[in-house]
Number of protein chains: 2
Amino acid sequence: MLRYRAPMTSETVAILGGTGPEGRGLALRFARAGVPVVIGSRDAARAAQIAAELAPGQDLPVSGAANADATRAADIVLVAVPWEAHEPTLRSLEAELSGKLVVDIVNPLEFDEHGPVTIRVDEGSAAEQARALLPGSTVVASFHHVSAKHLLDETHPVDTDVLVCGDDRAAKDRVMALAERIPGVRAVDAGALRLAHILEDWTTALLSINRGYRTNTGTRLTELDPARRRP
Amino acid sequence: MLRYRAPMTSETVAILGGTGPEGRGLALRFARAGVPVVIGSRDAARAAQIAAELAPGQDLPVSGAANADATRAADIVLVAVPWEAHEPTLRSLEAELSGKLVVDIVNPLEFDEHGPVTIRVDEGSAAEQARALLPGSTVVASFHHVSAKHLLDETHPVDTDVLVCGDDRAAKDRVMALAERIPGVRAVDAGALRLAHILEDWTTALLSINRGYRTNTGTRLTELDPARRRP
C-alpha cells in the first residue's frame, strides 16, 4: 500500500460514469495523489457509495454525486461512460460542461465471438464526437490505455505511458500534469485531436494482446525524451 | 558495426518497393542475420544497385530484381510500396504472389500542413485490401513501426516490439520468427487481421510524436511475457 499523500492545491476532477472499474481506478489514484475527485453517476447514491468504498477510513478527497452535480463541482471532467452512453450523456450535460476541460477516455469497441473489434465513429472518434456535441468545452483525448486492474491494485506499479491528443496546448498540459500524478505514468503529447481515433483504437489492440497473452499490458514509447518536446 | 553472421538455412524474403528507406533497412538487417533477401522494384537495375550499395564488400545474401522476379524467388514477400502504389502493385502481381506468405507493412497515411493524418481504407486496412486482392495468398500485417533510420544505422540498437496481425497462426509464427532475426526486436501477436488498421494507424501517432519530440520513437508493451501466449 502506498502512503497517503497530503492533499496539494489542485484542480477538482469529476469522472462521469466513474463507478466502473476504470473510473474507480483513476479516482483512487488521483485522490491518493491529493487531487480532489468527484465520482459521477446517473445514480447519485451509487456514486456516493462507490466513493465511500474506495478506501474506507482513509479520508481521501473523493466524493460521489449525480453526473450534473459532479460536473458543476469540477474544473476537469473525465468522460468514462460506456461507448453506448457517450452521446446521450454528453448531450444531456452540454450546459454544465460548457467552459470545462473535458477529457474523453472512451474507447469505441465491442466484443464478438472472435474477440475485441473497433467501432467506427462518424465524427472520426469519440473525442471528436464530444467536440461536436460540446461547442462550449475544450476537449482532450487521453487515459485510454491504463489498466483498470492495475489502477485499483495499489500494490501494483502502473507501468505505462499516457498519450494525449488535443488541439489546445494549455489544455493538454493540464491533462499531462494530471496523468503524471499517478506514480509510474509518463504523459506523452501525441498530437492533434484528429488523431484521437488512433489512441481509442489502440485499446482494442491491447485488449486483443491481453487476451492472447493472458495479461494486462501497457505501452511505453522508446527513445523519447520529454525534455525535447517542441514548445 | 555488428559482426557479420554466417548465413543460416532460412526462407528467402522479397521486399517489394524495397528501394525506399524502410525496405533498405529491413533488407540490411535481415541479410545481416543470414536471411536471403531480394529487393524488388519496378526498376530491376535500380533494385540491383540498391542491393549492391547496402553493405559493399561484405558479401551479404542480398540481391535486387524486378518486383515480379523478386516475388517468384521468395517464400515470404514483404509489401513496402508507398500507399498510392499498394493496389496497382498487388493487382499486377496477383499470379506471382499466389501461394506466398504476403506481409503487408504499408501505412495508409499522408501529411498536410498540420502533420501526419491517417487515410481511411474501404476494406478496413491496407492488409485487408491485400487479402481482397490476393485470394491465393496468405496475408499478415506487420513491421509498421520499425524506424527506417534505426534499421539503416547498425550502430543503433532497434528498441521496439514488432506487432503482427493475421488470421493464420502458422503464417504469423513465420513472420514473428523473421522479425526476431533483427537484434532488439520482440515479436508480439496482436490478433486477427481485422485489427490491422490499428497497427497501420499507430504509425501515424508515432510520426506525430516523432515530430513533437524530435525523435524516432519505438513501442514496447509492458507486462507481457511471450511464454504466456495462448496456444
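This section reports on the structure supplied with the text. Since we're looking at a predicted model, the values are computed, not measured.

Next up on the list: the overall build of chain A. For chain A, the helix and strand inventory stands at nine helices and eleven strands. Oriented by its inertia axes, the alpha-carbon framework of chain A measures out at about 45 × 40 × 40 Å. The proportion of buried residues among the 231 residues of chain A is 59%. In chain A, the proportion of contacts linking residues at least 24 apart, taken out of those at least 6 apart, comes to 75%. With 25 positive and 31 negative side-chain charges, chain A shows a spacing of 5 Å between the two charge centroids.

What follows concerns the sheet that holds strand E5 (residues 101-104) of chain B. Residues and elements named next belong to chain B. Pairing within the open sheet is mixed, and its eight strands lie in the order E3-E2-E1-E4-E5-E8-E9-E10. Every interior strand has two partners, whereas the edge strands, strand E3 (62-66) and strand E10 (185-191), have only one. Geometrically, the sheet is characterised by an average inter-axis angle of 25° between neighbouring strands, direction not taken into account. Bridge count for strand E9 (residues 160-166) against E10 is six bridges, and the pairing is parallel. Considered in E10, the bridge of Cys 165 is made with Gly 191. Taken strand by strand, helix H1 (residues 21-32) contacts strand E1 (13-16), strand E2 (37-41), E3 and strand E4 (76-79), and its axis lies near 170° from that of E1. Relative to the sheet, helix H9 (residues 196-213) contacts strand E8 (138-142), E9 and E10, its axis offset from that of E9 by approximately 145°.

The next point concerns the packing of helix H9 (residues 196-213) of chain A against H9 of chain B. Two elements in contact, H9 of chain A and H9 of chain B, have axes separated by 9 Å at closest approach and are oriented at 140°. With respect to their mutual orientation, H9 of chain A and H9 of chain B come out oblique. Relative to H9 of chain B, H9 of chain A is oriented so that their crossing is left-handed. Contacts between H9 of chain A and H9 of chain B involve His 197, Ile 198, Leu 199, Asp 201, Trp 202, Thr 204 and Ala 205 of chain A from the former and His 197, Ile 198, Leu 199, Asp 201, Trp 202, Thr 204 and Ala 205 of chain B from the latter. Classifying every residue of the contact of H9 of chain A with H9 of chain B by side-chain character gives eight nonpolar, four polar and two charged.

This part covers the pairing of strand E3 (residues 62-66) of chain A. All names here are of chain A. Pairing of strand E2 (residues 37-41) with E3 involves five bridges; the strand directions are parallel. Bridging across to E3, Ile 39 finds its partner in Gly 64. Taken together, E2, helix H2 (residues 44-54) and E3 constitute a β-α-β crossover, and its handedness is right-handed.

Now for the relation of the copies chain A and chain B. Each copy of the sequence occupies a distinct position, and chain A is placed on chain B by a rotation of 180° and an axial shift of 0.0 Å, giving an RMSD of 0.0 Å. Given the turn and translation reported, the copies of this chain are related as if by a two-fold rotation axis. Judged by C-alpha distance, Arg 220 of chain A is the residue of chain A that lies nearest the rotation axis, at 2.6 Å. Both copies contact each other with a shared surface, as 100% of the interface residues of chain A are interface residues in chain B too.

Across the contact, 52 residues belong to chain A and 52 residues belong to chain B. Summing the contributions of chain A and of chain B, the shared interface buries around 4300 Å²; its carbon and sulfur component is 51%. Here chain A is connected to chain B by two salt bridges. Measuring nitrogen to oxygen at the nearest pair gives 2.8 Å for the salt bridge that ties Arg 194 of chain B to Asp 112 of chain A. Across the contact surface, chain A and chain B share 27 residue pairs in polar contact (both at pLDDT 80 or more). Of all the secondary-structure elements, those providing two or more residues to the side of chain A that touches chain B are strand E7 (115-118), strand E10 (185-191), H9 and strand E11 (218-222) of chain A.

Turning our eyes to something else, we now look at the pairing of E9 of chain B. Residue and element names in this part refer to chain B. Across the seven residues of E9, seven count as buried, placing the element largely inside the fold. On E9, burial covers both faces: Thr 160, Val 162, Val 164 and Gly 166 on one face and Asp 161, Leu 163 and Cys 165 on the other are all buried. The handedness of the E9 to E10 crossover, carried by helix H8 (residues 169-179), is right-handed.

Taking burial as the measure, the eight residues of helix H6 (residues 126-133) of chain A include six buried ones, the bulk of the element. Within H6 of chain A, the full set of buried residues consists of Ala 126, Ala 127, Glu 128, Gln 129, Ala 130 and Leu 133 of chain A.

Further remarks concern a positive patch on the surface. On the surface, a cluster of positive charge is contributed by Arg 211 and Arg 214 of chain A together with Arg 228 and Arg 230 of chain B. Following the sequence through the fold, Arg 211 of chain A ends up in helix H9.

Turning next to the sheet that holds E2 of chain A. Residues and elements named next belong to chain A. Spatially, eight strands are ordered E3-E2-E1-E4-E5-E8-E9-E10 in an open sheet, and the strand pairing comes out mixed. Edge positions in the open sheet fall to E3 and E10, since each of these has one partner strand only. With strand direction ignored, the average angle separating the axes of adjacent strands in the sheet is 25°. The sheet contact formed by strand E1 (residues 13-16) and E2 spans four bridges and is parallel. Its bridge partner lying in E2, Ala 14 is registered against Val 38.

Attention now moves to the nonpolar core. By size, the foremost hydrophobic cluster in this structure holds 155 residues, and its most contacted members are Phe 30, Leu 78 and Phe 143 of chain A together with Phe 30, Leu 78 and Phe 143 of chain B. Not counting residues up to four positions away in its chain, the partners in contact with Phe 143 of chain A are Glu 22, Leu 26, Phe 30, Leu 78, Val 103, Ile 105, Val 162, Leu 163, Val 175, Leu 178, Ala 179 and Ile 182 of chain A.

A negative phi holds for most residues other than glycine; trans holds for most peptide bonds. Residues and elements named next belong to chain A. For Glu 223, which is not a glycine, the phi torsion comes out positive at approximately 55°. Within the fold, Glu 223 resides in the segment after E11. Looking at Glu 223, the relative accessible area reads 29%, which means it is partly exposed.

Let us look at the pattern of salt bridges. All names here are of chain A. Inspection of the entire model under this criterion finds 28 salt bridges over all chains. In this structure, Asp 189 engages Lys 172 in a salt bridge whose closest nitrogen and oxygen atoms are separated by 2.8 Å. Of this pair, Asp 189 sits in strand E10 while Lys 172 sits in helix H8 (residues 169-179), placing them 17 residues apart in sequence. Note on Asp 189: relative accessible area 9%, which makes it buried. Connected via shared salt-bridge partners are Arg 169, Lys 172, Asp 173, Asp 189 and Arg 229.

Calculation criteria
- Residues numbered from 1 in each chain as written.
- Chains lettered and ligands numbered in written order.
- Predicted model: local features only at pLDDT ≥ 70, side-chain atom pairs only at ≥ 80, totals over all residues.
- Heavy atoms only, no water.
- Helix = DSSP H or I, 4+ residues; strand = E, 2+ residues; numbered from the N terminus.
- Buried < 20%, exposed > 50% of the residue type's maximum accessible area, 1.4 Å probe, protein only.
- Contact = heavy atoms within 4.5 Å.
- Lys, Arg positive; Asp, Glu negative; His and termini not counted.
- Charge placed at Lys NZ, Arg CZ, Asp CG, Glu CD.
- Pairing = 2+ DSSP bridges.
- Axes fitted to C-alpha atoms, helices over the stretch in contact; angles between N-to-C directions.
- Parallel < 35°, antiparallel > 145°, perpendicular 65-115°, else oblique.
- Left-handed = near helix turned anticlockwise from the far one by under 90°.
- Nonpolar A, V, L, I, M, F, W, Y, C, P; charged D, E, K, R; others polar.
- Right-handed = clockwise from strand over helix to strand, strands pointing away.
- Least-squares fit on C-alpha atoms with pLDDT ≥ 70 in both.
- Buried area = accessible area lost by both parts, 1.4 Å probe.
- Salt bridge = Lys/Arg side-chain N within 4 Å of Asp/Glu carboxyl O.
- Polar contact = N/O pair within 3.5 Å; in protein donor to acceptor, adjacent residues only side chain to side chain.
- Patch = residues over 30% accessible without salt bridge, like charges linked within 9 Å, V, L, I, M, F, W, Y side chains within 5 Å.
- Areas by Shrake-Rupley, 256 points an atom, 1.4 Å probe, with all protein chains shown as cover.
- Core = buried A, V, L, I, M, F, W, Y, C linked by side-chain atoms within 4.5 Å.

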